[in-house]
Amino acid sequence: MTPHTAQSRTRQPGRPAAGRALAVLLLTLLMLLPGGAVSARTPAGPALALPAPTGRHPVGTTWLHLTDHGRPDPWRPELQRELMVSVWYPATRAAGPPAPYTTAGVSARIVAATGLPVPPELLTTVRTTARRDVPVRPGRWPLVVLSPGFSLSRESLTGLAEELASQGYVVAGVDHPYEAYGIEFPDGRVADCLACDAWGEGTAARVVTGRAADVAYLLDRLLGKRSAWPGARFVDPARIAMVGHSIGGASAVHTLRTDRRVDAAAVLDGTLFVPVPAGAVDRPVLLVGADREPDHSWVRDWPGLAGWKRWLTVAGTGHMSFTDRPVLGAQLGLDPGAVPAERQLLITREYVTAFVDRHLRHRPAPLLDAACPRFPEVTVTAGAPHPDRS
């Protein structure tokens, strides 16, 4: 595995080599071409684009800025905790231009972190499917909360979010300020990654517990009497799941322990930094892992998952395979590795949708029960995980 493939096997933040250098490497993988060349593609050239979602509903999106006046920011305690949230939802129509993928300020921070000579606005060229602020289709939609990986921001899971919204879910992608290279607020302020420089003993647990508090506040603001989003009247508060990539996945499992409103959690290749005591989690958990040795925390905490559970391993994938990065990287000329880039996103979409369909809509989901000929890359484990390798 060379440093020029889209699917890095680099270990996640929080392991011994964690910190800024690792996060920079993960973002650098997006920009590098095979052989070490750098893409010269600019916004005037062919646009980057995410695959269209496959569900029957048009997709709308809106951005929310929330301020928790009752909680200091864990990274800047002199400030109140602020969140940026993208909400994707089933819409009544697909009208107007596609919504922006991210802001110029966020794109510039990500590009600057790589130190590469590419246009700072590169990520603003990504074409999405969702339309900004179109009306919500009336219904009683389940809610899925998304939490991105360390140093990444909420746009990194847009391909998954649009798919879920097209299938009839409201999706709330949460940005956790000062844990990503850039998070831009409506007044133009950009929160930089203070956690990237502060990583050390106990930082991972601090991130996980802080994100659980972020999600609790988000649910309060969405589902309370004075909702921050008018479309929330179409959300079913009795059907909520949380899905996270990397440390966002660890946060999803921890949120099951701290917030009974969340019914199920899916982890996309994330170490469980806060141990799960035996029997502590009694609701459904899906673990989706990249192609490498089993994560030690998954082996450790498997007995603590007392409800429905599955462990999936996806051959030919790496840590970033469960985000938008392989698709965008391939369009920039990167080699996505053994599994084509759009297929990596397809696998993520199919298995996460099956998971939330099963546990929020009580639909059959045979993908989660046994090997599927459509997806020979995926190994499904329902019992003791990989006993011969643990």
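The shown structure was predicted, so the numbers you read here are calculated from the model rather than taken from an experiment.

Let's talk about the overall build of the chain
Step number 1: When its secondary structure is counted, the chain shows nine helices and twelve strands.
Step number 2: Out of the 390 residues in the chain, the part that is buried amounts to 62%.
Step number 3: Element-wise, carbon and sulfur atoms account for 55% of the exposed surface of the chain, whose accessible area totals about 14000 Å².

What about the sheet that holds strand β11 (residues 309-314)?
Step number 1: Pairing in this open sheet of ten strands is mixed, and the strands run β3-β1-β2-β5-β4-β8-β9-β10-β11-β12 from one edge to the other. Edge positions in the sheet fall to β3 (131-132) and β12 (378-381), since each of these pairs with one other strand and no more.
Step number 2: Direction of pairing for strand β4 (residues 141-147) relative to strand β8 (residues 235-245): parallel, over a ladder of six bridges. Each residue of the ladder has a partner; that of Val-145, found in β8, is Met-242.
Step number 3: Sheet strands in contact with helix α5 (residues 203-223) are β1 (59-72), β2 (80-90), β4, β5 (170-175) and β8, and its direction is about 115° off that of β1.
Step number 4: Across the sheet, helix α9 (residues 341-360) is in contact with β4, β8, β9 (264-268), β10 (285-289), β11 and β12; its angle to β9 comes to roughly 165°.

Let's talk about the confidence of the model for the chain
Low-pLDDT portions of the prediction should not be read for the details of their coordinates.
Step number 1: Taken over all residues, the pLDDT of the chain has a mean of 88, while the share at 70 or more is 86%.
Step number 2: Under a pLDDT of 50 for its full length, residues 1-46 has, in the predicted model, 126 contacts with residues more than four places off or in other chains.
Step number 3: Here residues 386-390 is a poorly scored stretch, pLDDT under 50, and it has nine contacts once near neighbours within four places are set aside; other chains count.

Here we look at the packing of aromatic side chains
Step number 1: Throughout the structure, instances matching the rule amount to six aromatic pairs.
Step number 2: When the ring of Phe-150 is compared with that of Trp-199, the centres are 4.6 Å apart and the planes differ by 75°; the resulting orientation is edge-to-face. You can see Phe-150 sitting in the loop between β4 and α3 (158-166) and its partner Trp-199 sitting in the loop between α4 (194-198) and α5, a full 49 residues away along the chain. The pair Phe-150 / Trp-199 is uniform in exposure class, with both members buried.
Step number 3: Both rings, one in Trp-298 and one in Trp-311, keep their centres 5.2 Å apart while their planes meet at 80°; by these two values the pair is edge-to-face. Taken together, the residues Trp-298 in helix α7 (residues 296-301) and Trp-311 in strand β11 connect sequence positions 13 residues apart.

Details of the pattern of salt bridges
Step number 1: Tallying each qualifying case throughout the model produces 26 salt bridges.
Step number 2: For Asp-73, the salt bridge identified is with Arg-81, shortest N-O distance 2.7 Å. The pair Asp-73 / Arg-81 is uniform in exposure class, with both members buried.
Step number 3: Overlapping salt bridges, with partners in common, bring together Asp-68, Arg-71, Asp-73, Arg-81, Glu-179, Arg-211 and Asp-214 in one network.

Cut-offs and rules
Residues numbered from 1 in each chain as written. Predicted model: local features only at pLDDT ≥ 70, side-chain atom pairs only at ≥ 80, totals over all residues. Heavy atoms only, no water. Helix = DSSP H or I, 4+ residues; strand = E, 2+ residues; numbered from the N terminus. Buried < 20%, exposed > 50% of the residue type's maximum accessible area, 1.4 Å probe, protein only. Areas by Shrake-Rupley, 256 points an atom, 1.4 Å probe, with all protein chains shown as cover. Pairing = 2+ DSSP bridges. Contact = heavy atoms within 4.5 Å. Axes fitted to C-alpha atoms, helices over the stretch in contact; angles between N-to-C directions. pLDDT = per-residue confidence, 0-100. Phe/Tyr/Trp six-rings, centres within 6.5 Å; stacked < 30°, edge-to-face > 60°. Salt bridge = Lys/Arg side-chain N within 4 Å of Asp/Glu carboxyl O.

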